[in-house]
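# Analysis of the macromolecular model
Here's the letter readout for the chains.
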Amino acid sequence: MYAYKQLVIAAICMAAVIVVGTIGFMVLEPLNFFDSLWMTMITVLTVGYGDAIPQTTAGKAFALTIIPLGIGIVTYAIGAATALIIEGEIFHMFGRRRMEKKITALEKHVIICGYGRGGAQITEELQSKGIPFIVIDKKMEFGSELVYIEGDATEDEVLHKAGITKAAGLVAALPNDAENVFITLTARGLNHDVQIVARAERIESEEKLRRAGANKVINPSSIAGRRMAMDIMKPLSVNYVDTILTTGEMFGIEEVRIGVNSPLARNTLRANAMRGRFDVTVLAILRGESVIHNPADDEILQEHDMIIVFGPSERLKSLEAACQNKR
């Protein structure tokens, strides 16, 4: 970026010399605008075709002044341009501008803070589901195909650049609990409705993250321990659930919200014929702060209910469309 600033400074100085030189030759020599510009350019660039030379003593003295000045600026500009090309900053600059356009266009996306092993797995999963996201990390590999920002996710400015006010979710996946607490606190202050999932390395940090505003706190060590225990006790069940959650090619579990004036609202599960019409099973209903597990057929769906359903992937899309359509 320093070489880019040098090139900009050199371009401004060059333009200033050309303007001053053109005006100077128009005043000191009997030349029109174009001839004065021509005289300035061949003087500054020391081309010297011999077809135009200053005729007056004042004009020659003026030429002697701008010749070394022009040579110095041109040399400076060439050096800055060479540095840009060698360092690859030109390509990085244009790539960064394209990246900024992508970032500006993001809406309802997920912000991933930290691109370690956990962050990389999160991006792979979101990519496979077609969910838009942006990664924030202090050091990203140059040329990465991901949409990313190099910076400190604990800073308000960086989160604003990542579109925190338009984001649907944020994952605080840094290995440092203190930083994850600060990110969670900052993100919650900037967007009250964003869904925040935070990583905790220590058990005592979990409650701090919840108080900071995290909707869900994940402790990788605890989850790994429970997972290994379940693999020992119920290997077939665990493998089956893993297949559903990781592939999702034929069957999957989805969260679907009942929209305002949806035709499914204010009807029972039996009347909506969820199994017959959509070939899905309703596992639970999230209504406000309460959860209705394994709801009965006479349970009435309400607007804004979040239903957790299991069924064929293509049928889940049909159900989602029906939940949003108005009567």
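The structure this text deals with has already been given above.
Here the structure is a predicted model, which means the values were calculated and not measured.

## Structural notes on the overall build of the protein
Per the secondary structure count, the protein includes 13 helices and ten strands. Out of the 327 residues belonging to the protein, those deemed buried represent 38%.

## Topic: the side chain of Thr22
Inspection of the secondary structure puts Thr22 in helix α1 (residues 2-28). Judged by relative accessible area, which is 4%, Thr22 ranks as buried. Of note is the side chain of Thr22, whose polar atom sits 2.7 Å from the backbone oxygen of Ile18. Not counting residues up to four positions away in its chain, the partners in contact with Thr22 are Phe33, Ser36, Leu37 and Thr40.

## Section: a nonpolar patch on the surface
Judged by side-chain polarity, Val19, Ile23, Met26, Val27, Leu28, Phe33, Phe34 and Trp38 come together as a nonpolar surface patch covering roughly 790 Å² of accessible area. Listed by contribution, the elements that provide at least two residues to the nonpolar patch are α1 and α2 (33-44). Counting residues per element, the nonpolar patch draws most heavily on α1, at five residues. Tracing the backbone shows Val27 in helix α1.

## Overview of the nonpolar core
By size, the foremost hydrophobic cluster in this structure holds 37 residues, and its most contacted members are Ile111, Ile134, Ile136 and Leu170. Elements with a minimum of two residues in this core: α4 (89-105), β1 (110-113), β2 (133-137), β3 (148-150), α6 (156-161), β4 (169-172), α7 (177-190) and β5 (195-199). Of all hydrophobic cores here, the second largest spans 17 residues; its members include Val282, Leu316, Ala322 and Cys323.

## Points about unusual backbone geometry
Positioned with a positive phi, Arg266 is a non-glycine residue whose angle comes to about 65°. Relative to the assigned elements, Arg266 resides in the loop between β7 (251-257) and α11 (269-272).

## What about the environment of Thr57?
Inspection of the secondary structure puts Thr57 in helix α3 (residues 57-87). The exposure class of Thr57 is exposed, given its relative accessible area of 67%. Considering only alpha carbons, one finds Thr57 and Glu29, 28 residues apart in sequence, at a separation of 9.7 Å.

## Description of helix α5 (residues 117-129)
The end-to-end C-alpha distance of α5 is 19 Å, a good match for the 18 Å that 13 residues give at a rise of 1.5 Å each. Turning to α5, its buried residues number three or more, namely Gly119, Ala120, Thr123 and Leu126. Looking straight down α5, one finds that the buried residues subtend no more than 130° of arc, so they occupy a single side. Those residues of α5 that are exposed and angled more than 90 degrees off the buried face are Arg117, Gln121, Glu124 and Ser128. Those residues of α5 that are buried lie in contact with β1 and β2. A positive phi of about 70° marks Gly130, the residue just after α5.

## Side note on the sheet that holds β1
One open sheet accounts for six strands, arranged β3-β2-β1-β4-β5-β6; its pairing is parallel. Each edge of the sheet is formed by a strand with only one pairing partner; in this case those strands are β3 and β6 (216-218). Averaged over all pairs of adjacent strands, the angle between their axes in this sheet comes to 15°, without regard to strand direction. Pairing between β2 and β3: three bridges, direction parallel. Looking at β3, one finds that Asp137 is bridged to Glu150.

Basis of the calculations
Residues numbered from 1 in each chain as written. Predicted model: local features only at pLDDT ≥ 70, side-chain atom pairs only at ≥ 80, totals over all residues. Heavy atoms only, no water. Helix = DSSP H or I, 4+ residues; strand = E, 2+ residues; numbered from the N terminus. Buried < 20%, exposed > 50% of the residue type's maximum accessible area, 1.4 Å probe, protein only. Polar contact = N/O pair within 3.5 Å; in protein donor to acceptor, adjacent residues only side chain to side chain. Contact = heavy atoms within 4.5 Å. Patch = residues over 30% accessible without salt bridge, like charges linked within 9 Å, V, L, I, M, F, W, Y side chains within 5 Å. Areas by Shrake-Rupley, 256 points an atom, 1.4 Å probe, with all protein chains shown as cover. Salt bridge = Lys/Arg side-chain N within 4 Å of Asp/Glu carboxyl O. Core = buried A, V, L, I, M, F, W, Y, C linked by side-chain atoms within 4.5 Å. Expected span 1.5 Å × (residues − 1). Arc of directions from axis to C-beta. Pairing = 2+ DSSP bridges. Axes fitted to C-alpha atoms, helices over the stretch in contact; angles between N-to-C directions.

Shape is all these values report; function is a separate question.
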